[in-house]
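Coordinate inspection notes
Here are the chains, one letter per residue:
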Amino acid sequence: RDRALETVRTALARYPLEKMPPLNRPYPRLAKFFAQAGERETARRLLREYEANVPGGIRRGSQFRHSAYGELALADGRLEDAANAFRAISAEFAVCNMCGQYDLGRVFDRMGAPDSARAAYERAANSPNFFRVMGDAFGLAPSYKRLGELYEAKGDRKRAADYYGKLVDLWKDADAELQPAVTEIRQRLARLAQEPGS
């Protein structure tokens with residue numbers, strides 16, 4: 001988190017938003033980033049600037065605005081608002097049936113609704129879509145892991161092992177800093193294989 005914040009702040013110091021044409025300023029993506037990093041007031045300020053500097057028609061044409069508002073609502077603990085924002089992504093951007101689903105799963109997890117979370121993560125992980133190339137970068141591996149955990153908690157060892165196995169396959173050659181997570185999932189798989197009835 002700290003390194004990410006430092007990187008983004010360094011970039012903004014070098015390329016200040018106010019020196020960019022308003023339509024080129026990446027307000028929604030920056031607001032989402034700062035909300036995820038726990039910098040809610042910065043995210044709020046960026047969204048206010050977005051609303052003040054970017055015409056409504058242009059804002060309505062950006063699916064990224066829903067993601068930013070959703071992340072801020074999630075950071076604020078406004079879970080219904082977050083769910084509505086993430087649902088709006090696929091509702092408005094109909095060609096992407098998996099867009100926003102990983103984030104919606106996170107909201108349902110926070111709500112304590114495991115069945116709804118599982119359904120959202122399944123859509124995030126399994127929906128065939130051209131736009132997967134964008135969403136999978138941040139949502140596929142965590143969806144696999146969370147699905148494994150949710151199925152394991154439900155007592156469905158086979159599906160838990162399937163999703164844990166998909167995560168191991170996805171990350172088996174990942175960077176060294178991710179390998180402890182792979183090792184942990186391999187240990188879970190070994191434990192599931194040893195349980196009675198497996």
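These lines cover the structure that appears in this document, whether it is placed above or below. (Residues numbered from 1 in each chain as written. Predicted model: local features only at pLDDT ≥ 70, side-chain atom pairs only at ≥ 80, totals over all residues. Heavy atoms only, no water.)

**Quick notes on the packing of helix α10 (residues 157-171) against helix α11 (residues 179-194)**
What counts here: Each axis is a line fitted through C-alpha atoms, taken for helices only over the stretch in contact, and angles between the N-to-C directions span 0 to 180 degrees. Note on conventions: DSSP H or I runs of at least 4 residues are helices, E runs of at least 2 residues are strands, and numbering of each starts at the N terminus. Our angle categories are set so that under 35 degrees counts as roughly parallel, over 145 as roughly antiparallel, 65 to 115 as roughly perpendicular, and the remainder as oblique. Put simply, a crossing is left-handed when the front helix is turned counterclockwise from the back one by less than a right angle, and right-handed when it is turned clockwise. Note on definitions: a residue-residue contact is assigned when non-hydrogen atoms from the two residues lie within 4.5 Å. Gly falls in the polar group here, along with every residue not listed as nonpolar (Ala, Val, Leu, Ile, Met, Phe, Trp, Tyr, Cys, Pro) or charged (Asp, Glu, Lys, Arg).
At a closest axis distance of 9 Å, the pairing of α10 and α11 adopts a crossing angle of 150°. Regarding the angle of α10 to α11, the classification is roughly antiparallel. As α10 packs across α11, the resulting crossing turns out to be left-handed. Where α10 abuts α11, its residues Arg157, Ala160, Ala161, Tyr164, Gly165, Leu167, Val168 and Trp171 lie against Gln179, Ala181, Val182, Ile185, Arg186, Arg188, Leu189 and Leu192. Classifying every residue of the contact of α10 with α11 gives 11 nonpolar, 2 polar and 3 charged.

**Remarks on helix α8 (residues 114-126)**
The condition is simple: Expected span, for any helix, means 1.5 Å times one less than how many residues it has. Using a 1.4 Å probe on the protein chains alone, a residue whose accessible area is under 20% of its type maximum counts as buried, one over 50% counts as exposed, and one in between counts as partly exposed. What the arc covers is the set of directions going from the helix axis to the C-beta atoms.
Here α8 spans 18 Å end to end across 13 residues, near enough to the 18 Å set by a 1.5 Å rise per residue. Every buried residue of α8 is accounted for by Ala117, Arg118, Ala120, Tyr121, Ala124 and Ala125. The arc enclosing the buried residues of α8, seen along the axis, measures out at 165°, which places them on a common side.

**A few points about the packing of aromatic side chains**
Threshold: A pair of Phe, Tyr and Trp rings is counted when the ring centres sit within 6.5 Å of each other, with Trp represented by its six-membered ring. The angle between the planes then sorts it: under 30 degrees is stacked, over 60 is edge-to-face, the rest tilted.
All chains considered together, the criterion is met by 6 aromatic pairs. Ring plane angle 75° and centroid distance 5.1 Å describe the contact between Phe33 and Phe34, whose orientation is recorded as edge-to-face. Accessibility expressed as a relative area gives 3% for Phe34, which makes it buried. Taken together, a centroid distance of 6.1 Å and an interplanar angle of 40° make the contact between Tyr144 and Tyr163 tilted.

**Things to note about the layout of surface pockets**
Here is the rule we go by: With a 1 Å grid spanning the protein atoms alone, the term cavity applies to any set of points in which a 1.4 Å probe fits but cannot get out, the term pocket to an open set with protein on both sides within 12 Å along at least five of seven lines, and the term lining residue to any residue with an atom within 4 Å of a point. Grid points are joined across faces, edges and corners, and a volume is the space filled by probe spheres set on the points.
As a volume, the largest pocket reaches approximately 450 Å³. If you trace the largest pocket, you find 21 residues lining it, with Lys32, Phe64, Met134, Gly135 and Phe138 closest to the centre. Put simply, the parts of the chain that give the lining of the largest pocket at least two residues each are α2 (27-36), α5 (64-76), α7 (101-111) and α9 (132-154). Here the lining of the largest pocket gets 6 residues from one element, more than from any other, and that element is α9. Class assignment of the residues belonging to the lining of the largest pocket gives a composition of 11 nonpolar, 6 polar and 4 charged. Its volume calculated, the second largest pocket comes out at about 160 Å³. Along its surface, the second largest pocket is lined by Pro22, Leu23, Arg25, Pro26, Pro28, Arg29, Tyr50, Val54, Ile58, Arg59, Ser62 and Phe64. Taken together, the elements giving at least two residues each to the lining of the second largest pocket come down to α2 and α4 (56-60). A per-class count over the lining of the second largest pocket returns 8 nonpolar, 1 polar and 3 charged.

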